[in-house]
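Residues per chain are reported as follows:
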Amino acid sequence: MAAWSDAGGIPARAQQYRSTLIRCARAEWGLNAPVATFAAQVHQESFWNPDARSPYADGLAQFTPSTANWLPSVAPQVGEADPFNPAWALRALAAYDLHLWSRISAATDCDRMAKTLAAYNGGLGWLRRDERLAEAQGLDPARWWDQVEAVNAGRAPWAIKENRAYPRRILLLLEPLYEGAGWGKGMCP
């Protein structure tokens with residue numbers, strides 16, 4: 001995998017999934033789907049390895065078994081959980097991001113996608129707790145960058161570090177890489 005501090009390049013194997021990602025993203029989000037954002041997210045999750053495994057999650061989109069099994073109950077179009085199937089994983093990633101996106105409000109689309117990604121990585125419940133804590137501390141709960149992002153409602157240090165780095169790396173480092181390579185638009189200009 002590319003070093004955490006840099007984007008590296010787009011792995012060659014990403015190309016074989018490009019048309020599937022575009023089709024899945026547009027099926028869920030419409031013709032203006034932020035394909036570069038989703039490509040950056042897959043890059044971060046698995047470096048485009050459909051056989052990726054972590055202690056907690058599997059496949060291109062690194063779904064935990066519980067989320068993969070639950071997702072069809074709110075997004076039946078994805079079908080039965082199959083995280084090692086690249087087409088399922090890409091459709092499920094776009095569907096789950098949309099599910100989260102529709103439950104999140106923010107000042108800008110970039111803030112909203114950062115919150116969506118933080119929820120994908122750490123859970124919507126934690127995002128809600130962080131928003132409440134940010135507001136209690138006089139920060140703007142509608143803004144992710146340097147606002148909600150700056151608080152921790154109780155997660156372990158390793159978990160909050162990973163959660164805060166996740167949207168930053170995807171939206172600020174990897175998304176421009178995919179936009180520049182012609183994968184479509186992203187959420188953060």
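Structure first, text after, so check above.
What this report covers is the structure whose coordinates are included nearby.

Basis of the calculations
Residues numbered from 1 in each chain as written. Predicted model: local features only at pLDDT ≥ 70, side-chain atom pairs only at ≥ 80, totals over all residues. Heavy atoms only, no water. Buried < 20%, exposed > 50% of the residue type's maximum accessible area, 1.4 Å probe, protein only. Helix = DSSP H or I, 4+ residues; strand = E, 2+ residues; numbered from the N terminus. Arc of directions from axis to C-beta. Salt bridge = Lys/Arg side-chain N within 4 Å of Asp/Glu carboxyl O. Axes fitted to C-alpha atoms, helices over the stretch in contact; angles between N-to-C directions. Parallel < 35°, antiparallel > 145°, perpendicular 65-115°, else oblique. Left-handed = near helix turned anticlockwise from the far one by under 90°. Contact = heavy atoms within 4.5 Å. Nonpolar A, V, L, I, M, F, W, Y, C, P; charged D, E, K, R; others polar. Disulfide = S-S within 2.5 Å. Core = buried A, V, L, I, M, F, W, Y, C linked by side-chain atoms within 4.5 Å. Polar contact = N/O pair within 3.5 Å; in protein donor to acceptor, adjacent residues only side chain to side chain.

## Observations regarding helix H3 (residues 65–74)
Then step 1. When H3 is considered as a whole, its buried residues turn out to be Thr 67, Ala 68, Leu 71 and Pro 72. The arc that holds the buried residues of H3, viewed along the axis, is 135°, so those residues lie on one side. For H3, the exposed residues set more than 90 degrees away from the buried face come down to Ser 66, Asn 69 and Ser 73.

## Quick notes on the pattern of salt bridges
Then step 1. With the rule as written, the count across this model stands at 10 salt bridges.
Then step 2. Residues Arg 91 and Glu 28 are paired through a salt bridge, measuring 2.4 Å at the closest nitrogen-oxygen approach. Here Arg 91 is found in helix H4 (residues 86–101), whereas its partner Glu 28 is found in helix H1 (residues 18–29), with 63 residues between them in sequence.
Then step 3. Exposure remark for Arg 91: the relative accessible area of 23% places this residue in the partly exposed category.
Then step 4. Classification of Glu 28 as buried rests on a relative accessible area of 12%.
Then step 5. Across the salt bridge formed by Asp 58 and Arg 53, the nearest N and O atoms sit 3.8 Å from each other.
Then step 6. According to the relative accessible area criterion, Asp 58 is buried, its value standing at 15%.
Then step 7. On the basis of relative accessibility, which here comes to 64%, the residue Arg 53 falls in the exposed class.
Then step 8. Residues joined by salt bridges that share partners form a network here, namely Asp 111, Asp 140 and Arg 143.

## Regarding the packing of helix H2 (residues 35–46) against H4
Then step 1. In the contact formed by H2 and H4, the axes pass within 11 Å of each other and the chain directions differ by 115°. The angle between H2 and H4 falls in the class roughly perpendicular. Crossing handedness for the pair H2 and H4: right-handed. Of the residues in H4, those in contact with Phe 38, Gln 41 and Val 42 of H2 are Leu 90, Leu 93, Ala 94 and Asp 97.
Then step 2. Here the residues of the contact of H2 with H4 are counted per class, giving five nonpolar, one polar and one charged.

## Some points on the state of the cysteines
Then step 1. The final tally for this structure, using the stated rule, is one disulfide.
Then step 2. Across a sulfur-sulfur distance of 1.9 Å, Cys 110 and Cys 188 are joined as a disulfide pair. Across the S-S bond of Cys 110 and Cys 188 the torsion is about 100°, and the bridge reads as right-handed. With Cys 110 in helix H5 (residues 109–122) and Cys 188 in the segment after helix H7 (157–180), the pair connects residues that are 78 residues apart, well separated along the chain.
Then step 3. Judged by relative accessible area, which is 14%, Cys 110 ranks as buried.

## With respect to the nonpolar core
Then step 1. Counting residues in hydrophobic clusters, the biggest one holds 53 residues, and the most contacted among them are Trp 48 and Phe 63.
Then step 2. Sorting the residues of this core by element identifies H1, H2, H3, H4, H5, helix H6 (124–136) and H7 as the ones contributing at least two each.
Then step 3. The leading source of residues in this core is H4, at 10 residues.
Then step 4. Those residues in contact with Trp 48, other than ones at most four positions away along the chain, are Pro 11, Arg 13, Ala 14, Tyr 17, Leu 21, Ala 39, Val 42, His 43, Leu 60, Leu 90, Tyr 178 and Trp 183.

## A word on the environment of Thr 37
Then step 1. By the element assignment, Thr 37 lies in helix H2.
Then step 2. Sequence separation between Thr 37 and Glu 175 is 138 residues; the distance between their C-alpha atoms is 5.2 Å.
Then step 3. Those residues in contact with Thr 37 that lie beyond four places of it in its chain are Met 113, Ile 170, Leu 171, Glu 175, Lys 185, Gly 186 and Met 187.
Then step 4. Of the polar contacts made by the side chain of Thr 37, one reaches the backbone nitrogen of Met 187; its length is 3.0 Å.

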